[in-house]
Amino acid sequence: MALDKEYFDAIHIDVVKKKYYNANKVEAVLRDIRQQALALSEENALLHRQLALLNGQKNEIGDALLSAKTISQQIIMDAQARAEEIVAEARAQSEELQAEAQRREDYAAERVEACFSRMKEQHMACIEALNDEWQDFLCGLYPEEKPKAPDDLSQKVDAIAKELFSIEEEE
């Protein structure tokens, strides 16, 4: 039985002849009250120990949570710093690759220009050689007494050579 209001209300000590209490019944009730009080006291002590244990565990869990939160924040900051380093390295590599590509492009352009210039010189030399051969051919058509071709033919050959030269320059 628990020591509560109902328990105490249920105690009826018969008064012997309405003047005296029965001592055995009173002693029995008091023994029962003492036993229940001791049991309640032990249970209360046990509950206090359990509460202290739970409070200790609660503090440990709180400390563990704080520690985990701190560690997770540090991991996040480290990851962000590493990500920034990787991005910076990638940008640097990108710039280096772009600079290398620009150098190669410039070198290729120089080589193409040099090749074009040599080809242009060779074409001009060929045009001049053709012009000389044409002049020799034309001079061979006329008798020896006239060593020179007519002026209008010479002008036409020069015009053809200039036109060929201008075509080469346009390309």
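### Focus: the overall build of the protein chain
Right, so step 1: The number of helices and strands found in the protein chain is three helices and two strands.
Right, so step 2: When the elements of the protein chain are put in sequence order from the N terminus, they spell out α-β-β-α-α.
Right, so step 3: A total of 171 residues make up the protein chain; the buried ones form 6% of that total.
Right, so step 4: Sequence separation of 24 or more characterises 49% of the internal contacts of the protein chain that already satisfy a separation of 6 or more.

### Focus on a nonpolar patch on the surface
Right, so step 1: Together, Trp134, Phe137 and Leu141 make up a nonpolar patch on the protein surface, roughly 330 Å² of accessible area in all.
Right, so step 2: Looking at the element boundaries, Leu141 is found in helix α2 (residues 23-141).

### Considering the pattern of salt bridges
Right, so step 1: Evaluation of the coordinates by the stated rule reveals three salt bridges.
Right, so step 2: One salt bridge connects Glu100 with Arg103, and the closest N-O pair in it is separated by 2.4 Å. Separated by three residues within a single helix, Glu100 and Arg103 lie in helix α2, roughly one turn from each other.
Right, so step 3: Judged by its relative accessible area of 47%, Arg103 is partly exposed.
Right, so step 4: For Glu100, the salt bridge is made with Arg104, and the minimal N-O distance between the two is 3.0 Å. Of the two residues, Glu100 and Arg104 are both situated in helix α2; the distance of four residues between them amounts to about one turn of the helix.
Right, so step 5: Relative accessible area serves as the criterion here: at 28%, Glu100 is assigned to the partly exposed category.
Right, so step 6: In this structure Arg104 comes out as exposed when scored by relative accessible area, which is 57%.

Basis of the calculations
Residues numbered from 1 in each chain as written. Predicted model: local features only at pLDDT ≥ 70, side-chain atom pairs only at ≥ 80, totals over all residues. Heavy atoms only, no water. Helix = DSSP H or I, 4+ residues; strand = E, 2+ residues; numbered from the N terminus. Buried < 20%, exposed > 50% of the residue type's maximum accessible area, 1.4 Å probe, protein only. Contact = heavy atoms within 4.5 Å. Patch = residues over 30% accessible without salt bridge, like charges linked within 9 Å, V, L, I, M, F, W, Y side chains within 5 Å. Areas by Shrake-Rupley, 256 points an atom, 1.4 Å probe, with all protein chains shown as cover. Salt bridge = Lys/Arg side-chain N within 4 Å of Asp/Glu carboxyl O.

These results come straight from atomic positions and should not be treated as a statement about function.
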